[in-house]
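Structural overview for review
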Amino acid sequence: MSEKDASTTTAPGKSMDAIVALCRRRGFIFQSSEIYGGINGFWDYGPLGVELKRNLKEAWWHDIVRCPADGPDGKPLDMVGLDCTIIMNPKVWVASGHVGGFNDPMVENEKTKKRYRADQIYGLYKRYRSEDSIELQLKELIDLAHDKTLQPPYGPNLTCTAGSASEAFGYFQGALQKTPYKITRIDVTESSFESVSSDGRPVIGLVLPVPMFLLETSIACVPSPDNHDDLMWLLKQYENNRGQFSDTSKGFDLSEPRQFNLMFQTNVGAVQNDASAAYLRPETAQGIFANFRNVVDTSRVKVPFGIAQVGKAFRNEVTPRNFTFRSREFEQMEIEFFIRPESAKEWYAYWRDSRFAWWQSIGLAGENLILREHDKDELAHYAKEGAGTSDVEYRFPFTAPGYGELEGVAHRTDFDLRQHAEHSGYGDKLKYFDQEKNERYFPHVIEPSAGADRGTLAVLCEAYTPDDSRASKVYMKFHPRMAPIKAAVFPLVNKDGMPEVAHTLYKTLREKYAVQTDAKQSIGKRYARMDEAGTPYCFTIDGQTLEDQTVTVRHRDTQAQERINVDKVPAFLAEHIGA
RNA sequence: GCGGGCGUAACUCAAUUGGUAGAGUGUCAGCCUUCCAAGCUGAAUGUUGAGGGUUCGAGUCCCUUCGCCCGCUCCA
């Protein structure tokens with residue numbers, strides 16, 4: 001999420017509470033196992049919701065696998081699908097780094113209950129005792145200061161956006177002015193230079209040679225390694241802040257590092273022991289990498305090509321929140337696109353831009369959708385050296401004025417294939433062989449990874465349109481391709497032969513489209529219900545139909561009406577909805 | 001995981017110092033109805049989130065728990 005563009009806000013009248021209420025009332029989304037009090041982080045899709053989400057997934061599958069666009073070289077993309085299991089050999093997650101990296105050891109301040117990643121406060125989570133002498137602590141600090149192996153993330157890794165090193169120098173000087181420490185050097189690392197901020201200026205990193213110490217006051221202290229006074233000052237800060245850190249009996253009162261496991265664990269087979277332990281996949285991507293060899297061997301694909309998968313993934317999030325936005329069980333739509341390493345920049349740009357355009361094409365066309373290039377310091381472990389990472393982000397009512405991620409496009413390099421080559425023992429056999437160039441190599445990967453539930457939620461939020469002038473006070477302005485119900489067929493009144501005509505038209509249309517018919521109650525009430533369901537068109541059979549074979553088309557967005565011949569209705573839908 | 005707020009029908013809300021759980025909307029059925037939730041008649045729906053306690057008696061007081069919202073934290 002980002003806080004960019006704070007000057008604009010989400011459209012007025014779009015309260016998340018109202019959207020959630022409509023989702024419940026009209027059967028889009030329910031809380032899972034609600035009659036038992038629900039379960040945090042799990043959501044069910046009702047009759048309208050499942051249609052909506054299917055439309056999203058099927059549009060994705062159609063546009064990615066069945067009917068992909070042309071690539072940057074002008075040729076149609078080579079794409080195939082895949083459907084892997086949720087539970088895989090646990091070694092997959094060791095290779096991918098999810099066992100270990102995903103489970104960052106955390107330390108907790110036992111008094112304030114605040115939690116930090118252990119690697120970010122290295123040195124501090126070492127528990128000094130009050131009887132430990134200042135000299136001992138000082139010695140440890142000096143050792144740390146001279147430990148050249150402590151590189152980021154262990155060392156402080158401050159960055160700023162600046163046009164030159166001297167400008168950055170001024171920034172860092174300001175940032176550190178409340179400490180007695182001076183900047184000893186500025187490293188404009190290669191990786192920092194590659195990252196360019198949104199305003200086009202390079203990101204310049206300050207890499208300091210010793211660990212940063214986080215005090216409770218959020219001061220970042222950076223002792224110069226050879227300055228005795230600096231180290232003494234730092235110790236003094238510890239002393240002064242000890243009341244906040246500890247109960248005075250245990251020095252700096254942080255717990256031992258603990259694992260906070262974000263992967264769901266289960267057991268395969270009846271016996272529950274370490275040998276039977278397995279995980280629910282935290283992402284669908286690894287199933288694709290694990291099957292890379294199989295797909296290459298069986299489907300005649302050639303680099304560049306992509307493998308796509310839609311499926312459930314699971315993360316035991318610390319804090320599920322914001323409706324379905326952060327769920328513990330969720331569905332991903334992922335592409336792993338395999339390319340020659342030297343073409344990474346080109347393909348990365350292609351996927352970044354085409355994925356953004358795709359979200360626009362399904363109705364998120366307004367200013368609530370943005371494309372955001374990541375800063376270097378927020379990149380995932382596998383993407384540090386890549387061509388880049390960006391997010392397609394949507395301004396949800398609950399993130400406004402900030403944004404929430406819908407899809408991430410990342411250059412994963414050849415990290416995953418190499419990891420699996422090593423851990424599986426397959427080694428070079430996992431490499432791709434290029435016949436033309438007689439060359440064997442690990443392809444690089446551009447990964448566009450989208451959230452189906454987040455996408456559905458964004459479509460819901462975007463469609464929600466308050467309108468006091470209509471009976472329903474609100475209507476869902478879905479893109480026709482997303483609308484759960486494409487059209488409704490109504491007899492104006494429930495007599496005089498109109499129901500029969502309506503029924504015949506309904507039976508014809510439902511062969512191809514999700515349509516509904518309803519003869520009960522007043523026509524206004526039926527239109528109003530369709531407004532809340534987001535149905536783009538209603539066809540109404542009236543007295544005139546019986547005479548001249550024309551029906552009324554009622555447009556959802558404008559409430560305008562026109563007459564067309566009943567025989568032209570399928571063609572009308574084909575034109576306005578698409579096949 | 002921490003702190004704060006909140007849970008009464010599908011929705012929005014009532015219910016006197018603790019004293020028979022109600023209304024409107026929606027939903028459903030019938031009638032009526034020739035274009036935007038119209039009208040008439042009728043109907044269904046709650047273990048007051050759940051569990052325990054105090055009490056003759058708990059929606060109301062106490063404890064526990066679950067869920068939702070906000071702020072931290074987390075989001076590889």
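Keep in mind the model is a prediction, meaning the values are calculated, not measured. (Residues numbered from 1 in each chain as written. Chains lettered and ligands numbered in written order. Predicted model: local features only at pLDDT ≥ 70, side-chain atom pairs only at ≥ 80, totals over all residues. Heavy atoms only, no water.)

Observations concerning the protein's contact with RNA strand B
- The immediate surroundings of RNA strand B are formed by 49 residues, with Arg315, Arg326, Ala471, Arg529 and Thr552 found nearest.
- Among the atoms of RNA strand B close to the protein, meaning within 4 Å, 50% are from sugar or phosphate groups.
- Between RNA strand B and arginine 321, the relevant distance is 3.1 Å, taken from a base oxygen to a side-chain nitrogen or oxygen of the residue.
- Within the side chain of arginine 529, one N or O atom sits 2.3 Å away from a phosphate oxygen of RNA strand B.
- Per element, the largest residue contribution to the surface near RNA strand B is seven residues, and it comes from helix H14 (residues 523-533). (Near = heavy atom within 4 Å. Polar contact = N/O pair within 3.5 Å; in protein donor to acceptor, adjacent residues only side chain to side chain. Helix = DSSP H or I, 4+ residues; strand = E, 2+ residues; numbered from the N terminus.)

A closer look at the packing of helix H2 (residues 47-66) against helix H10 (residues 344-361)
- With their axes 12 Å apart at the nearest point, H2 and H10 run at an angle of 140° to one another. Between H2 and H10, the interaxial angle falls into the category oblique. Helix-helix and strand crossings are classified by hand; for H2 and H10 the assignment is right-handed. Facing Leu56, Ala59, Trp60, Asp63 and Ile64 of H2, the residues of H10 in contact are Trp351, Arg355, Trp358 and Trp359.
- A per-class count over the contact of H2 with H10 returns seven nonpolar, no polar and two charged. (Axes fitted to C-alpha atoms, helices over the stretch in contact; angles between N-to-C directions. Parallel < 35°, antiparallel > 145°, perpendicular 65-115°, else oblique. Left-handed = near helix turned anticlockwise from the far one by under 90°. Contact = heavy atoms within 4.5 Å. Nonpolar A, V, L, I, M, F, W, Y, C, P; charged D, E, K, R; others polar.)

Comments concerning the sheet that holds strand S17 (residues 404-413)
- The strand order across the open sheet built from seven strands is S3-S13-S14-S20-S17-S16-S15, with neighbouring strands paired in mixed fashion. Single-partner strands in this sheet number two, and they are strand S3 (79-82) and strand S15 (369-373). Put simply, the sheet's adjacent strands are angled 20° from each other on average, direction ignored.
- Inspection of the sheet shows strand S14 (residues 329-339) paired to strand S20 (residues 444-451) by six bridges, in the antiparallel sense. Each bridged residue has a counterpart across the sheet, and for glutamine 332 the counterpart in S20 is glycine 451.
- Where helix H12 (residues 452-463) meets the sheet, it contacts S14, strand S16 (389-394), S17 and S20, and its direction lies at approximately 50° from that of S20. (Pairing = 2+ DSSP bridges.)

A closer look at H2
- For H2, spanning 20 residues, the distance from its first C-alpha to its last is 26 Å, which sits close to the expected 28 Å at 1.5 Å a residue.
- All of the buried residues in H2 are Leu48, Gly49, Leu52, Lys53, Asn55, Leu56, Lys57, Ala59, Trp60, Asp63, Ile64 and Val65. (Expected span 1.5 Å × (residues − 1). Buried < 20%, exposed > 50% of the residue type's maximum accessible area, 1.4 Å probe, protein only.)

Considerations on the pairing of strand S27 (residues 561-565)
- Relative to S27, strand S26 (residues 550-555) is paired through five bridges, and the arrangement is antiparallel. Bridge pairing in S27 links arginine 554 to glutamine 561.
- Where S26 folds back onto S27 in an antiparallel hairpin, the turn is made up of five residues, including glutamine 559, whose phi is positive at roughly 65°.

With respect to the environment of aspartate 353
- Within the secondary structure, aspartate 353 is located in helix H10.
- Distance in space between the C-alpha atoms of aspartate 353 and proline 397 is 25 Å, their sequence separation being 44 residues.

Quick word on helix H9 (residues 292-299)
- Among the residues making up H9, those that are buried are Phe292, Arg293, Val295 and Val296. One face of H9 carries all of its buried residues, which in axial projection span an arc of 170°. Along H9, exposed side chains directed more than 90 degrees from the buried face belong to Asp297 and Thr298.
- In the core, the buried residues of H9 are packed alongside S3, helix H8 (285-290), strand S13 (305-314), S14, helix H11 (415-424) and strand S18 (432-434).
- Arginine 300 sits one or two residues past H9 and shows a positive phi near 60°. (Arc of directions from axis to C-beta.)

Some remarks on the packing of aromatic side chains
- By the definition in use, this model includes 22 aromatic pairs.
- Look at phenylalanine 289 and phenylalanine 338: their rings are 6.2 Å apart centre to centre, the planes differ by 85°, and that puts the pair in the edge-to-face class. Of this pair, phenylalanine 289 sits in helix H8 while phenylalanine 338 sits in strand S14, and the two are 49 residues apart along the sequence. The two residues phenylalanine 289 and phenylalanine 338 agree in class, both being buried.
- Ring geometry for phenylalanine 337 against tryptophan 347: centres 4.6 Å apart, planes inclined by 40°, an arrangement best described as tilted. (Phe/Tyr/Trp six-rings, centres within 6.5 Å; stacked < 30°, edge-to-face > 60°.)

Remarks on the nonpolar core
- Phe28, Phe337, Trp351, Trp359, Phe396 and Phe478 are the most contacted members of the largest nonpolar core, which has 63 residues in total.
- Counting 21 residues, the second-largest nonpolar core is a separate cluster that includes Phe292, Leu430, Tyr441 and Val445. (Core = buried A, V, L, I, M, F, W, Y, C linked by side-chain atoms within 4.5 Å.)

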